[in-house]
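# Residue-level structure breakdown
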Amino acid sequence: MTPPDLRRVVAVEELDLGTDGRTAIVVRRTIRGDRYVSHLVAIDLTARRRIPRPVTLTTGTTRDTRPRLSPDGHSLAFVRADPTDDAAVAALQMLDIRGPRLVRAVRPGRHGAVGEVAWSPDGRRIAFTAEVDPPRFLVGRVPPISGRGPATDTQEPLARRITRTDWRWDEEGHRDRWSHLFVVDARAGARPRQVTHGDFGVEDIAWHPDGRTVAFTTDRGPEPDLHPRTTIWAVDVDAAQPAEDAAGAEPWEVVAAAGWANHPAWSPDGRWIAAVGILEPEPLDDLSPGLILGPADGSRAPIALAPELDRPVGNWVDTDLNGWMVSGRHGPLWLDERTIVATISDGGRSHPWTFDIDPRTGHPRGHRRAADGDATTHTIAVARNGVAAALGTIGTRAMELLTFDPRARDASTDDGWTTRSSLGSRWQAAFEQPTMRLVQAPGAGGPIDVRIVSPHGAGDGPLPTIVDVHGGPLGAWAPAPHLEVFLLAARGYRVILPNIRGSATYGREWIRPQLGDWGGVDAADVHAAIDHVVGIGLADADRLGVLGLSYGGFMVHWLVGTTDRFRAAVSENGVANQVSAWANSDSGPEYDRAALMGDPFSPSGVDKLWRQSPLRNVANVRTPLLMLQAEADLRCPPQDNEQFFIALRHLGRVVEYVLYPGESHVYASAGRPDRRIDRMTRLLDWFDRYLR
């Protein structure tokens, strides 16, 4: 496998399941030229074949996403965008899957691009979110929403009058408009109606079983930009609608978690709301988000369903074989009035779990893993009859549609999994696959899980070796590696993937020592992992390289400033100066608070930030360093990493700095294909130059 082969990679990245469990809809994404296109594919789960023949429902140069099957299973709502026109509106579409034929496209009305989509329980209406006017900060001649309406002399506003700190976000850019809730009748010709209005955004929409109430996540605190805290609200979509441009129906708060809450799900009888959240106020990063449950009327505070689990809800493990372009759906999902299903990440893997409750009192009655193995679960879905499906990886295989029994594990089929598709991983058959083993390296804080990836057919002798540090630091390497690891192994490198202290999925005690100590216990664990792999004879101690993105990029900068053991290094969208990054990053102040990094409000706070800044060690750097940077990255912006580059140039060190225009933080996995290929080619050539 070589960098141009990235164009051959396919991602199966979204899933919906009919309420009767008969049909699954997945999104299959491919590359055409330098654009991503995606189409909807139906898979009949009642077919006799274990891997049914998929039926492609949409074609053409389109980006079809967010598939949602109607309750009767006949209609499919989805969002369609034009990948060749960045200004085009992403519109709501409806498809009759019995044809299949396109039934209608919902006219945009007074809103911009459609985000989320949800059918009402009776199948007569669709709720969705979309950006709306008025703009938050724009001054002067305001450009039309997503290109709608006549063009102005320039698409740029006169100015942005910024009054809050949340005016920007990575991958979104300027957050000029809020997304609000809309409802539209499913019948042809109906126009959407805006339900919510105001200075807040709406996401994670979910219908109540009564078919007239929608729950959603929002932050309506007094200073949400300074003290973010999302909670769950509900609104009656059939309340008397006001005159145009007046205030909409008034929402009410139903799950007010002291920390935060999101992703609401009503119980089938409408008595309870389950959500993901944290009940402790002002939580730090060592506290994992869990499942919480509260009464649907908000009459009392929510409770935690499994506080002793100490593992996060969701997929917190790193592999870009899941596409990295859409967020997974991890629950909570109600299997019945007594059982909730959600994804839990544990030990560098993620699986569906079931949580039992007393439907009368809401008290928890236990929880268990519903499927096991070297798997990661990107999205889950359940049907009324108990059928459950997921998109996930098993071992090093790319993501496919899987089914599992949430009530009884069957360890005879991949630890409870049954694979039901091959359209996501078939591309891997064209290439030799690397081998991966999991070892535990002795560390000062306890054994460190280390995945060692070796070239196909490699023996047990020492090879030139790259240690790859994951992002976060609340990430964790998965059994399925990143595509960069496939390419490094194909070039003949062994790759070390350590889940050092600070990694999520190992519990609070594994995270806590790293808080406020970047470059301390975490760096020690990187060295311990390398020492172990060298000690067992698999890594050549004289030909070591280091690689990392985001927090991993920070670790590269830190390591080359504190050791000379590496012959070459590649950092990507890293961190160099924590003092300036506190404000330069889109999420800096809250991120640093939760990570105990420090702040600029006192000499001691600044000292703490500076102590964890690689820039203070820059004069010690002797390792040849390639710095890769997304120019539009708002999470770890260029202004920070340029300080490191300029200092190294003035010191006369070997350094290169490569900027990729228009790209965001995770462009390595989700950026324009030609830039991803260029990035990977430069990375491989850099290591070849110094490690060969």
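Structure shown above.
In short, a report on the structure.

### Considerations on the overall build of the chain
- For the chain, the count of helices and strands is 10 helices and 40 strands.
- Buried positions account for 58% of the 692 residues belonging to the chain.
- The contacts in the chain between residues at least 6 apart in sequence include a share of 61% that link residues at least 24 apart.
- As presented, the chain carries roughly 26700 Å² of accessible surface, and 49% of it is formed by carbon and sulfur atoms.
- Considering the chain, the positive charge centre built from 78 side chains and the negative charge centre built from 89 side chains are found 4 Å apart.

### Topic: the pairing of strand S2 (residues 23–32)
- Across the 10 residues of S2, 7 count as buried, placing the element largely inside the fold.
- Strand direction decides the pairing type here: strand S1 (residues 11–17) and S2, joined by 6 bridges, are antiparallel. Along S2, the bridge assignment pairs Leu17 with Ala24.
- Between S1 and S2, which pair antiparallel in sequence order, lie 5 residues; one of them, Gly21, sits at a positive phi of approximately 75 degrees.
- Looking at chain direction, S2 and strand S3 (residues 35–44) are connected through 10 bridges and run antiparallel. Each bridged residue has a counterpart across the sheet, and for Ile25 the counterpart in S3 is Ala42.
- In textbook terms, the turn of a hairpin is the stretch between consecutive antiparallel strands, and for S2 and S3 this stretch comprises 2 residues, one of which, Gly33, has a positive phi near 65 degrees.

### Overview of the environment of Asp415
- With respect to the helices and strands, Asp415 occurs in the loop between strand S31 (400–404) and strand S32 (418–419).
- Judged by its relative accessible area of 31%, Asp415 is partly exposed.
- In sequence terms Asp415 and Val276 are 139 residues apart; their C-alpha atoms lie 26 Å from each other.

### Regarding the nonpolar core
- One finds Val450, Val526, Val546, Met555, Leu625 and Phe644 to be the most contacted residues of the largest nonpolar core, which totals 49 residues.
- Counting residues per element, this core draws most heavily on helix H4 (residues 551–562), at 7 residues.
- Sequence-distant contacts of Phe644, that is, excluding residues within four places in its chain, are made with His557, Ala576, Pro614, Leu615, Val618, Val621, Leu625 and Met627.
- Within the second largest apolar cluster, 36 residues are counted, among which are Trp427, Leu483, Val658 and Tyr667.

### Some thoughts on unusual backbone geometry
- The omega torsion of the bond from Asp133 to Pro134 falls at 5 degrees, within 30 degrees of zero and hence cis.
- By the secondary structure assignment, Pro134 is in the loop between strand S10 (125–131) and strand S11 (138–139).
- The phi torsion at Trp324 lies on the positive side, around 60 degrees, for a residue other than glycine.
- If you trace the backbone, Trp324 turns up in the loop between strand S24 (303–304) and strand S25 (333–336).

### Notes on the pattern of salt bridges
- Per the stated rule, a full pass over the model turns up 45 salt bridges.
- Across the salt bridge formed by Arg7 and Asp34, the nearest N and O atoms sit 3.0 Å from each other. Of this pair, Arg7 sits in the segment before S1 while Asp34 sits in the loop between S2 and S3; the two residues are 27 residues apart in sequence, bridging distant segments of the chain.
- Residue class for Arg7 comes out partly exposed when judged on its relative accessible area of 33%.
- Residue classification places Asp34 among the partly exposed positions, given a relative accessible area of 29%.
- Asp166 is the salt-bridge partner of Arg136, the closest N and O atoms lying 2.8 Å from each other. Within this pair, whereas Arg136 is found in the loop between S10 and S11, its partner Asp166 is found in the loop between strand S12 (159–160) and strand S13 (168–169), the two being separated by 30 residues in sequence.

### Thoughts on the sheet that holds S31
- Judged by pairing direction, the sheet is antiparallel, and its 4 strands sit side by side in the order S29-S30-S31-S32 without closing on themselves. Only two strands of the sheet have a single neighbouring strand rather than two, namely strand S29 (375–382) and S32.
- Summarising the sheet, strand S30 (residues 388–394) and S31 pair through 5 bridges and their orientation is antiparallel. For Ala388, the partnering residue across the bridge sits in S31 and is Phe404.

### Observations concerning the sheet that holds strand S16 (residues 193–194)
- Strand order in this open sheet of 4 strands is S9-S10-S15-S16, and the pairing throughout is antiparallel. Bordering the open sheet on either side are strand S9 (114–119) and S16, each of which pairs with just one other strand.
- Relative to S16, strand S15 (residues 179–185) runs antiparallel, the two sharing 2 bridges. Pairing of Val183 across the sheet is with Arg193, part of S16.

### Observations concerning the pairing of S9
- For S9, the tally of buried residues reaches 5 of 6 residues, placing the bulk of the element in the interior.
- In the sheet, S9 pairs with S10 via 4 bridges, with the strands oriented antiparallel. Opposite Ala118, over in S10, you have Ala127 as the bridge partner.
- Hairpin connection between S9 and S10: a loop of 5 residues separates the two successive antiparallel strands, and Gly123 in this loop has a positive phi of roughly 75 degrees.

### Some points on the environment of Gly211
- Following the sequence through the fold, Gly211 ends up in the loop between strand S17 (203–207) and strand S18 (213–218).
- Classification of Gly211 by relative accessible area gives buried; the value is 11%.
- In this structure, the C-alpha to C-alpha distance between Gly211 and Arg682, residues 471 residues apart in sequence, is 54 Å.
- Gly211 has contacts with Pro121 and Arg125, leaving out every residue within four places of it along the chain.

### Concerning helix H1 (residues 483–490)
- Most of H1 is tucked away, with 7 of its 8 residues classed as buried.
- Taken residue by residue, H1 has Leu483, Glu484, Val485, Phe486, Leu487, Leu488 and Ala489 as its buried positions.
- Where H1 is buried, its residues meet strand S34 (448–454), strand S35 (463–469), strand S36 (494–498), strand S37 (539–549) and helix H10 (673–691).
- One or two residues past the end of H1 sits Gly492, with phi positive at roughly 105 degrees.

### Focus on the side chain of Asp320
- For Asp320, the location among the structural elements is in the loop between S24 and S25.
- At 5.0 Å, Arg676 is the nearest oppositely charged side chain to Asp320, a buried residue that forms no salt bridge.
- There is a polar contact of 2.8 Å between the side chain of Asp320 and the backbone nitrogen of Leu483.
- Side-chain polar atoms of Asp320 contact the side chain of Ser669, separated by 3.0 Å.

Criteria and thresholds
Residues numbered from 1 in each chain as written. Predicted model: local features only at pLDDT ≥ 70, side-chain atom pairs only at ≥ 80, totals over all residues. Heavy atoms only, no water. Helix = DSSP H or I, 4+ residues; strand = E, 2+ residues; numbered from the N terminus. Buried < 20%, exposed > 50% of the residue type's maximum accessible area, 1.4 Å probe, protein only. Contact = heavy atoms within 4.5 Å. Areas by Shrake-Rupley, 256 points an atom, 1.4 Å probe, with all protein chains shown as cover. Lys, Arg positive; Asp, Glu negative; His and termini not counted. Charge placed at Lys NZ, Arg CZ, Asp CG, Glu CD. Pairing = 2+ DSSP bridges. Core = buried A, V, L, I, M, F, W, Y, C linked by side-chain atoms within 4.5 Å. Salt bridge = Lys/Arg side-chain N within 4 Å of Asp/Glu carboxyl O. Polar contact = N/O pair within 3.5 Å; in protein donor to acceptor, adjacent residues only side chain to side chain.

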